[in-house]
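As a plain string of letters, each chain reads:
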Amino acid sequence: MAGRRSSLGFLGMFGRSGDLRQLDTALRGADLHPALVPEGVKLTIVNLMKDHWPGEPPPQAYPQVARLFSYCIAGPEAFERSQGLQQRQDAEHRIEAAVEAGDSFDAKIVLMALHAKLIDAEVVERYGLGTD
């Protein structure tokens, strides 16, 4: 059976797929306006999610992914102002674990922010991130 495909829509005639709408909603919840994230990046994120979770990603996965991605883009202080200290610490632990693991789902999300040149410079410096 072929996997369900994500759709960006076309000239307003065909709607965006549900997974992209869920990601947009989750990004808003993480204080990151979806318009600030290129469509290709969002499409890659939902495809990474589909690869990570068999079948469909669970609904609670979207906010978790959005918070990590938002931290990468906003940086520690701005993220904490919008999401709180506990969410900041959670995101930082996830990034530390991702850097240590090297090839994890969270590492792929961080790498996506890095390759898309959306990542905050302080996050790059703090975790020694690079594209080597």
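A few points on the structure. (Residues numbered from 1 in each chain as written. Predicted model: local features only at pLDDT ≥ 70, side-chain atom pairs only at ≥ 80, totals over all residues. Heavy atoms only, no water.)

### So, the packing of aromatic side chains
Any aromatic ring pair is given by two values, namely how distant the centres are and how the planes are angled relative to each other. What counts is decided by this rule: In summary, the pairing rule links any two rings of Phe, Tyr or Trp, Trp by its six-membered ring, whose centres are within 6.5 Å, and it sorts them by plane angle into stacked for under 30 degrees, edge-to-face for over 60 and tilted for everything else. Where helices and strands are cited, they refer to DSSP runs of H or I of at least four residues and of E of at least two residues respectively, numbered from the N terminus. Exposed residues in this analysis have more than 50% of their type's maximum accessible area, buried residues have under 20%, and partly exposed residues fall in between, with area computed by a 1.4 Å probe over protein chains only.
Applying the stated rule across the entire model yields two aromatic pairs. On the numbers, 5.2 Å between centres and 70° between planes, the contact of Trp-53 with Phe-105 is edge-to-face. Placement of the pair is Trp-53 in the loop between α2 (39-52) and α3 (61-74) and Phe-105 in helix α6 (residues 105-115), with a sequence separation of 52 residues. No difference in accessibility class separates Trp-53 from Phe-105, as the two residues are buried.

### Things to note about unusual backbone geometry
Phi angles above zero are rare outside glycine, and Asp-31 is one such case at about 65°. Mapped onto the fold, Asp-31 is located in the loop between α1 (18-29) and α2. Overall, the relative accessible area of 55% leaves Asp-31 in the exposed class. Notably, Lys-117 is not glycine yet its phi reads approximately 60°, a positive angle.

### Comments concerning the nonpolar core
Heads up, the condition is: Residue types Ala, Val, Leu, Ile, Met, Phe, Trp, Tyr and Cys, when buried and joined through side-chain atoms within 4.5 Å, form a set referred to as a nonpolar core. Contacts are assigned to residue pairs that have any heavy atoms within 4.5 Å of one another.
Ile-45, Met-49, Phe-69, Ile-95, Ile-109 and Ile-119 are the most contacted members of the largest nonpolar core, which has 35 residues in total. When residues of this core are traced back to their parent elements, those giving at least two are α1, α2, α3, α5 (85-101), α6 and α7 (121-127). Here this core gets nine residues from one element, more than from any other, and that element is α3. If we ignore the near neighbours within four places in the chain, the residues touching Ile-45 are Leu-23, Val-65, Phe-69, Ile-109 and Met-112.

### Remarks on the layout of surface pockets
Which entries qualify depends on this criterion: Using a grid of 1 Å spacing that covers the protein atoms alone, one calls a set of points a cavity when a 1.4 Å probe fits there but cannot get out, and a pocket when the set is open and has protein on both sides within 12 Å along at least five of seven lines; lining residues are those with an atom within 4 Å of a point. Grid points are joined across faces, edges and corners, and a volume is the space filled by probe spheres set on the points.
Size it by volume and the largest pocket reaches roughly 220 Å³. Along its surface, the largest pocket is lined by 13 residues, and Ala-98, Gly-102, Ala-107, Leu-111 and Leu-129 are the ones closest to its centre. Of all the secondary-structure elements, those providing two or more residues to the lining of the largest pocket are α5 and α6. Looking at the lining of the largest pocket element by element, the count peaks at five residues for α6.

### Notes on the pattern of salt bridges
Selection criterion: By definition, a salt bridge exists where a carboxyl oxygen of Asp or Glu is found within 4 Å of a side-chain nitrogen of Lys or Arg.
Applying the stated rule across the entire model yields eight salt bridges. Note that Lys-42 is salt-bridged to Asp-24, the shortest N-O span being 3.1 Å. Of the two residues, Lys-42 is situated in helix α2 and Asp-24 in helix α1; the sequence distance between them amounts to 18 residues. The class of Lys-42 is buried, set by a relative accessible area of 2%. Judged by relative accessible area, Asp-24 falls into the buried class, the value being 9%. A salt bridge links Asp-106 to Arg-94, with the nearest nitrogen and oxygen atoms 2.9 Å apart. With Asp-106 in helix α6 and Arg-94 in helix α5, this pair connects stretches of sequence that are twelve residues apart. The residues Asp-106 and Arg-94 share a single accessibility class, namely buried. Overlapping salt bridges, with partners in common, bring together Glu-80, Arg-88, Glu-92, Glu-122 and Arg-126 in one network.

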